[in-house]
Amino acid sequence: MRQLPLISRRVAAAAVGVVLVAGAAACGPEGNSGDAKSGGAGGKPQKGGTLTVLNSQPQEDFDPARLYTSGGGNVPSLVFRTLTTRNRENGEAGAKVVPDLATDLGKPSKNATVWTYTLKEGLTYEDGTKITSADIKYGIERSFAAELSGGAPYLRDWLVGGEDYEGPYKGGKGLDSIETPDDRTIVFHLKKPEGEFPYLATQTQFAPVPKAKDKGTKYEEHPVSSGPYKVVQNTGDGERLVLERNPHWSEKTDKERHAYPDRIDVKSGLDSAVINQRLSTGSGADAAAVTTDTNLGPAELAQVGSDKELAGRVGTGHFGYTNYLAFNPKVKPFDNPKVRQAIAYAVNRTSVVNAAGGSSLAEPATTYLPNQKSFGHTPYDHFPAGRTGNPEKAKELLKQAGYDDGLTITLTHSTAKDFETSPEIASAIQDGLKKAGITVRLQGLEDNDYKEKVHSVKDEPGLFLAHWGADWPSGGPFLAPIFDGRQIVKDGYNFNSAQLDEKSVNDEIDAINKLTDLDAAAKRWGALDKKIGEQALTVPLFHPVYKRVFGKDVKNVVISDWTGVLDISQVAVK
């Protein structure tokens, strides 16, 4: 439910690059990931130079309390260190959580309701003062303040007393469920077992904030750096950011960030087509430039395919994300499992993938969990439709459901040009189902209206286009919000569209949350996904693929499965 901010950003980021080439043919280089592995321009990365970042969206928030996602995203992760962080390696290895300010991933109590962390020695801010456990406690506490809304919501739900806490600005009281017995120790007391607490500790709410330097809503104008860079310019509400080296950061305490460039110059508010053109051409400072929010679209990829040098400068990444058809089983005829199964058999995924930009930008999906080990992906295809659908099997099921002469249904979608829930995808679904004797009437809604309806238990349509992305690479934040019956929200934004509330599913979610062995938990998440999939409550359609071009002089390109995009903390320009 509360992961919407992350999803919104992901959707926006993905849409930006595609919109500029809307209507173009679906094509592009297949599996072009060797570029990322080779690390861009040749030669060993060296320190020095200026890295330019050309972006569409400005960095409007630069307060660790207000940022969402691990490390707050690419640029903030250069300034804010957290207890744990993502492993900065390519592909699957990059989906692991590793220590950052802490010496390890934390020590859980026997039932995983108490987590204890020890800070590394020698940690300092940009002014040379010591980072203490009290600073991390204060950073977390201020994230509860209403004035600093927008960050990840988990701490309010997980910490004892979190549900009623209003932050330190009202009365100055701290959270008793966070203890700091000494400068290097911090202890968290949780309401229930949470084996994935090390993942949560990657969020920027776990970045230290010195109480004496806190300026409330104005803190983001110059947040005190605990990372390799400090903010020296932030203008235009985050449209122009300049970062320079933090002289007190030590690589000895930070094995994850390399900090090769001397200076990072972030320029935002640019048109997506301009960004991709400047990066492709690579003139002057643009030769040492990257983007952290703009993808290539199908037409641009077609151009790349004919240019070997340029093709070598395109990074390919996978973020844990699934686009799917959602059913509301409380609405006829979707209350009949055979109707849902018939639709699952009838879907033409090749047409859907083409509508999403082609096979370079979308991969067909038959499982709800993304095809990555960290999520616990377990292959299954309960209703095999092949590449182009199985209309005969769908007709057979419709007859069994009492629809011998076919069926007419309505598919609700957004009119926004996001190529996920928009008319192109809806039309591809419509065409596929027609062969099975299913007439699909399309109901396109303005995007805000669409979101209100599909997330309302009261107004939810019977069939609509949906998507989901996880806050960290695990099955937990993927399956629980969508299939845990206790997360059905009747008077607000609801994401459990099937309104599934089965004791066996809820109990298994609780059982997995108790596991602190993340590999063991992943296997259980995969098995649970396969079990839920048997009910045909959703029809997985595709997983998006990210394609981004970088400048000629950019070296050491790393793209992990955690973010799916180039990691700016690894880039060198010398």
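It should be emphasised that the depicted structure is a prediction, and the values quoted were computed from it without experimental measurement.

Thresholds, definitions, all that
Residue numbers run consecutively from 1 along every chain, following the written order of its sequence. The predicted nature of this model means local features are confined to residues of pLDDT at least 70 and side-chain atom pairs, given and counted, to a pLDDT of 80 or more, with totals for whole chains, interfaces and linings taken over all residues. Water and hydrogen atoms play no part in the side-chain values, which are based on all heavy atoms of the structure. Think of it in three bands: with a 1.4 Å probe and only protein chains considered, a residue is buried below 20% of the maximum accessible area for its type, exposed above 50%, and partly exposed in between. Runs of H or I in DSSP of at least four residues are treated as helices and runs of E of at least two as strands, each being numbered from the N terminus. A pair of strands counts as paired when DSSP detects no fewer than two bridges linking them. Note on contacts: a residue pair qualifies if any of its non-hydrogen atoms lie within 4.5 Å across the two residues. The convention used is that axes are lines fitted to C-alpha atoms, helices contributing only their stretch in contact, and that angles between N-to-C directions extend from 0 to 180 degrees. Classification of ring pairs uses Phe, Tyr and Trp, with its six-membered ring standing for Trp, and accepts pairs whose centres are within 6.5 Å; under 30 degrees between planes counts as stacked, over 60 as edge-to-face, and the remaining range as tilted. Polar contacts here mean pairs of N or O atoms no more than 3.5 Å apart (in protein, one a potential hydrogen donor and the other a potential acceptor; neighbouring residues in sequence count only if both atoms are side-chain atoms). Here roughly perpendicular refers to angles of 65 to 115 degrees, roughly parallel to angles under 35, roughly antiparallel to angles over 145, and oblique to all remaining angles. Side-chain classes follow a simple rule in which Ala, Val, Leu, Ile, Met, Phe, Trp, Tyr, Cys and Pro form the nonpolar group, Asp, Glu, Lys and Arg form the charged group, and the remainder, Gly included, forms the polar group. Residues belong to one nonpolar core when they are buried, are Ala, Val, Leu, Ile, Met, Phe, Trp, Tyr or Cys, and are joined through side-chain atoms within 4.5 Å. The term salt bridge refers to a side-chain nitrogen of Lys or Arg lying within 4 Å of a carboxyl oxygen of Asp or Glu. Helix crossings are classified by the rotation of the near helix relative to the far one: an anticlockwise turn of less than a right angle makes the crossing left-handed, while a clockwise turn makes it right-handed.

Colleague: What is the right way to read the pairing of strand S13 (residues 321–327) from this model?
Modeller: Sheet faces and side chains relate simply in a regular strand, where the side chains alternate between the two faces. The buried count for S13 comes to seven of seven residues, which makes it a mostly enclosed element. Going residue by residue along S13, you find Tyr 321, Asn 323, Leu 325 and Phe 327 tucked away on one face and Thr 322, Tyr 324 and Ala 326 tucked away on the opposite face as well. The pairing of S13 with strand S17 (residues 463–469) spans seven bridges and is antiparallel. When the sheet's bridge partners are listed, Tyr 324 is paired in S17 with Ala 466.

Colleague: For this particular structure, what's the right way to read the sheet that holds strand S10 (residues 263–267)?
Modeller: In sheet architecture, strand pairing relies on hydrogen bonds along the backbone and comes in two forms, parallel and antiparallel. What the five strands build is an open sheet, ordered S8-S9-S10-S1-S11; its pairing is mixed. Across the chains shown, the open sheet's two edge strands, defined by having one partner strand only, are strand S8 (229–235) and strand S11 (289–290). Sheet topology places strand S9 (residues 240–245) next to S10; five bridges connect them, and they run antiparallel. Paired with Glu 244 across the bridge in S10 is Arg 263.

Colleague: What is the right way to look at the sheet that holds strand S6 (residues 178–182) in this model?
Modeller: Strand order across the open sheet formed by four strands is S4-S5-S7-S6, with antiparallel pairing between neighbours. Edge strands, defined here as strands with exactly one partner in the open sheet, are strand S4 (107–108) and S6. Relative to strand S7 (residues 185–189), strand S5 (residues 114–118) is paired through five bridges, and the arrangement is antiparallel. Among the inter-strand pairings, Tyr 117 is bridged to a residue of S7, identified as Ile 186. In the packing of helix H3 (residues 133–142) onto the sheet, the strands contacted are S6 and S7, and the crossing angle to S6 comes to about 165°.

Colleague: It is not clear to me how the packing of aromatic side chains should be interpreted in this structure. Could you clarify?
Modeller: For any pair of aromatic rings, the description rests on two quantities: the centre-to-centre distance and the angle between the ring planes. Inspection of the entire model under this criterion finds 23 aromatic pairs. With a centroid separation of 5.7 Å and 70° between ring planes, the pair formed by Tyr 154 and Trp 158 is classed as edge-to-face. Here Trp 158 and Tyr 154 lie together in helix H4 (residues 154–158), a separation of four residues that amounts to about one turn. Trp 158 shares its class with Tyr 154; the two are buried. Each member of the aromatic cluster is reached from another via a ring pair, and the members are Trp 115, Tyr 117, Tyr 154, Trp 158, Phe 188, Phe 197, Tyr 199, Phe 206, Trp 472 and Trp 562.

Colleague: Honestly, the side chain of Gln 205 in this entry has me stumped. Any pointers?
Modeller: Positionally, Gln 205 belongs in the loop between helix H5 (197–200) and S8. The exposure class of Gln 205 is buried, given its relative accessible area of 2%. Looking at Gln 205, its side chain comes within polar contact range of the main-chain oxygen of Ala 65, at 3.2 Å. Those residues in contact with Gln 205 that lie beyond four places of it in its chain are Pro 64, Ala 65, Arg 66, Leu 67, Ile 136, Gly 139, Ile 140, Ser 143, Gly 151, Ala 152 and Leu 155.

Colleague: Help me understand H3, please; the structure alone is not making it clear to me.
Modeller: It helps to recall that an α-helix has 3.6 residues per turn; residues three or four apart then point in one direction. Where burial is concerned, most of H3 is hidden: nine out of the ten residues are buried. Turning to H3, its buried residues number three or more, namely Ser 133, Asp 135, Ile 136, Lys 137, Tyr 138, Gly 139, Ile 140, Glu 141 and Arg 142. Buried residues belonging to H3 abut H4, S6 and S7.

Colleague: What am I meant to see in the environment of Pro 99 here?
Modeller: With respect to the helices, strands and loops of the structure, Pro 99 is situated in strand S3 (residues 97–99). Judged by relative accessible area, Pro 99 falls into the partly exposed class, the value being 27%. As for Pro 99 and Ala 201, which are separated by 102 residues in sequence, their C-alpha atoms are 9.4 Å apart. Not counting chain neighbours up to four residues away, the residues in contact with Pro 99 comprise Leu 83, Thr 84, Thr 85, Asp 104, Leu 105, Lys 120 and Glu 256.

Colleague: I keep staring at the packing of helix H9 (residues 337–346) against helix H11 (residues 391–400) and nothing clicks. Help me out?
Modeller: Axis angle and axis distance: for two packed helices, these are the angle between their axes and the distance between the axes, and together they describe the pair. One can describe the packing of H9 onto H11 by two numbers: an axis separation of 8 Å at closest approach and a directional angle of 170°. Regarding the angle of H9 to H11, the classification is roughly antiparallel. Residues Lys 338, Gln 341, Ala 342, Tyr 345 and Ala 346 of H9 touch H11, and the partners they reach there are Lys 393, Ala 394, Leu 397, Leu 398 and Gln 400. The class makeup of the residues in the contact of H9 with H11 is six nonpolar, two polar and two charged.

Colleague: How do you make sense of the nonpolar core when you look at a structure like this?
Modeller: General note: in soluble globular proteins, nonpolar side chains tend to be found buried as a group. Residues Leu 325 and Leu 541 are the most contacted members of the largest nonpolar core, which totals 66 residues. Here this core takes six residues from H9, the largest share from any one element. The contact partners of Leu 325, leaving out residues within four places of it in the chain, are Ile 343, Val 347, Leu 411, Ile 429, Leu 463, Phe 464, Leu 465, Leu 537, Thr 538, Val 539 and Leu 541. Counting residues in each nonpolar core, the second largest holds 37 residues, with Tyr 125, Phe 197, Trp 472 and Trp 562 among its members.

Colleague: How do you make sense of the side chain of Thr 253 when you look at a structure like this?
Modeller: Within the secondary structure layout, Thr 253 lies in the loop between S9 and S10. Excluding residues within four positions of it along the chain, Thr 253 makes contact with Arg 81, Asp 100, Lys 120, Glu 121, Gly 122 and Leu 123.

Colleague: Is there a simple way to think about the pairing of strand S16 (residues 438–445) in this case?
Modeller: Sheet topology places strand S15 (residues 407–414) next to S16; eight bridges connect them, and they run parallel. Looking across to S16, one finds that Leu 411 is bridged to Leu 442.

Colleague: When you look at the pattern of salt bridges in this model, what are you seeing that I'm missing?
Modeller: Any two side chains of opposite charge can pair if their charged atoms end up close together. Taken as a whole and judged by the stated rule, the model has 31 salt bridges. With its nearest N and O atoms 3.6 Å apart, the salt bridge here joins Arg 81 to Asp 254. Of this pair, Arg 81 sits in the loop between strand S1 (50–54) and strand S2 (84–86) while Asp 254 sits in the loop between S9 and S10, placing them 173 residues apart in sequence. Taking relative accessible area as the criterion, Asp 254 reaches 1% and is therefore assigned buried.

Colleague: Even after reading the chapter, I still don't get unusual backbone geometry, so can you show me in this structure?
Modeller: With an omega of 0°, the peptide bond running from Lys 332 to Pro 333 counts as cis. If you trace the backbone, Pro 333 turns up in the loop between S13 and H9.

Colleague: Please clarify how the packing of helix H14 (residues 476–483) against helix H16 (residues 518–533) should be interpreted in this entry.
Modeller: One way to put it is that H14 packs onto H16 with a least axis distance of 10 Å and a crossing angle of 35°. Note on packing geometry: the crossing formed by H14 with H16 is left-handed. Along the contact surface, H14 presents Gly 476, Leu 479 and Phe 483, while H16 presents Trp 525, Leu 528, Asp 529 and Ile 532. Its residues placed into classes, the contact of H14 with H16 shows five nonpolar, one polar and one charged.

Everything listed here is a matter of coordinates, which is why it stays silent on function.
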